[in-house]
Amino acid sequence: MTQDEMKQAVAQAAVDYIKPKLSEDSIVGVGTGSTANFFIDALAEIKHLFDGAVASSEATAERLKNHGITVYELNNVAEMEVYVDGADEFDGGLNLVKGGGGALTREKIVAAVAKEFVCIVDSTKKVDVLGEFPLPVEVIPMARSYVARELVKLDGMPVWREGFVTDNGNLILDVHDMEITEPKELEEFVNNITGVVTNGLFANRGADIVLMGTEQGVETLTL
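Right, let's walk through the structure included here. Quantities reported herein were computed from a predicted structural model and do not represent experimental measurements. (Residues numbered from 1 in each chain as written. Predicted model: local features only at pLDDT ≥ 70, side-chain atom pairs only at ≥ 80, totals over all residues. Heavy atoms only, no water.)

**Thoughts on the sheet that holds strand 9 (residues 171-176)**
- Taken in spatial order, the four strands line up as 8-9-7-10 in an open sheet, and their pairing is antiparallel. In this open sheet, the two strands that pair with only one neighbour each are strand 8 (157-160) and strand 10 (196-199). Taking each pair of neighbouring strands and ignoring which way they run, the sheet shows an average axis angle of 30 degrees.
- Bridging between strand 8 and strand 9 involves four bridges; their strand directions are antiparallel. Bridge pairing in strand 9 links Pro158 to Val175.
- Each of strand 7 (135-139), strand 9 and strand 10 is contacted by helix 4 (residues 104-113), which is oriented at about 70 degrees to strand 10, the strand it contacts most. (Pairing = 2+ DSSP bridges. Helix = DSSP H or I, 4+ residues; strand = E, 2+ residues; numbered from the N terminus. Axes fitted to C-alpha atoms, helices over the stretch in contact; angles between N-to-C directions. Contact = heavy atoms within 4.5 Å.)

Printed below as a string of structure tokens:
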């Protein structure tokens, strides 16, 4: 089974998982990235079962609309049944690193509102210790150099993602060479650096369930 086939299988598994939870009033939060795109395509098959979606990026909103799914602004949504999104890596505690696509801030906001966070990944994303994938940090543009210097003090190697601007008009620093053994503490510490909008650690609000596509099929992982 190819990586894309694993993504497709886990996307369908996510639709099957959330389907019994949906009603005509339900709002589904939808993430960003290649696995999330497969989920959107599968979700379109049951769009008659729920009211609409909240998107974590402009690209996701466009894909949802192209499938005829109503997209709501989060400010107009009182509650959200479920949020489905991928991850760049995850550990055994269901802590995640996200933001490879640059949508980490909106993803984190939507995840915070949802009653349940379902993470969909292929098996290549599972790690023993987070940090193999560079940790994205969204920063206010004028704070880029200052934040980078502070991140160096954490023994990380921040690299400016040149030529990329987030949907919020900010910049991304990708922090390499970090072994993240205490994800909750590091998430809070980095977020408290002046000029940081948020970072790509989803630990204090990690996944409630991970659906992982493997060559043998889809595995369900919970704490």
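**Quick notes on a nonpolar patch on the surface**
- On the surface, Ile140, Met142 and Val197 cluster together into a nonpolar patch covering about 300 Å² of accessible area.
- Structurally, Ile140 can be placed in the loop between strand 7 and helix 5 (144-152). (Patch = residues over 30% accessible without salt bridge, like charges linked within 9 Å, V, L, I, M, F, W, Y side chains within 5 Å. Areas by Shrake-Rupley, 256 points an atom, 1.4 Å probe, with all protein chains shown as cover. Salt bridge = Lys/Arg side-chain N within 4 Å of Asp/Glu carboxyl O.)

**Considering unusual backbone geometry**
- Even without being glycine, Leu94 reaches a positive phi, approximately 60 degrees.
- With respect to the helices and strands, Leu94 occurs in the loop between strand 4 (89-90) and strand 5 (96-97).
- Overall, the relative accessible area of 3% leaves Leu94 in the buried class.
- In this structure, Asp177 takes a positive phi of about 65 degrees despite not being glycine.
- By secondary structure assignment, the location of Asp177 is in the loop between strand 9 and helix 6 (183-191).
- For Asp177, a relative accessible area of 59% corresponds to the exposed category. (Buried < 20%, exposed > 50% of the residue type's maximum accessible area, 1.4 Å probe, protein only.)

**Notes on the pairing of strand 12 (residues 209-214)**
- Where burial is concerned, most of strand 12 is hidden: six out of the six residues are buried.
- Residues Ile209, Leu211 and Gly213 of strand 12 are buried on one face, and the alternating residues Val210, Met212 and Thr214, pointing to the opposite face, are buried as well.
- Pairing geometry for strand 6 (residues 114-122) and strand 12, over five bridges, is parallel. Residue pairing in the sheet places Val118 in a bridge with Ile209 of strand 12.
- Here strand 12 folds back onto strand 13 (residues 217-221), and the loop between the two strands holds two residues.

**A word on empty space enclosed by the protein**
- Under the defined criterion, the tally for this structure stands at one cavity of 30 Å³ or more.
- Its volume calculated, the largest cavity comes out at about 30 Å³.
- Contributing to the lining of the largest cavity are Ser56, Ser57, Gly102, Ala103, Arg106, Glu138, Thr166, Asp167 and Asn168.
- Of the residues that constitute the lining of the largest cavity, the class distribution is one nonpolar, five polar and three charged. (1 Å grid on protein atoms, 1.4 Å probe; cavity = no way out; pocket = protein on both sides within 12 Å on 5 of 7 lines; lining within 4 Å. Points joined across faces, edges and corners; volume = space filled by probe spheres on them. Nonpolar A, V, L, I, M, F, W, Y, C, P; charged D, E, K, R; others polar.)

**A look at the packing of helix 2 (residues 34-43) against helix 3 (residues 58-66)**
- The interhelical angle for the contact between helix 2 and helix 3, taken along N-to-C directions, is 25 degrees, at an axis separation of 10 Å. The pairing of helix 2 with helix 3 is recorded here as roughly parallel in orientation. Remark: the crossing between helix 2 and helix 3 carries right-handed chirality. Here helix 2 contributes Asn37, Ile40, Asp41 and Leu43 to the contact with helix 3, which in turn contributes Thr60, Arg63 and Leu64.
- Across the contact of helix 2 with helix 3, the residue classes tally to three nonpolar, two polar and two charged. (Parallel < 35°, antiparallel > 145°, perpendicular 65-115°, else oblique. Left-handed = near helix turned anticlockwise from the far one by under 90°.)

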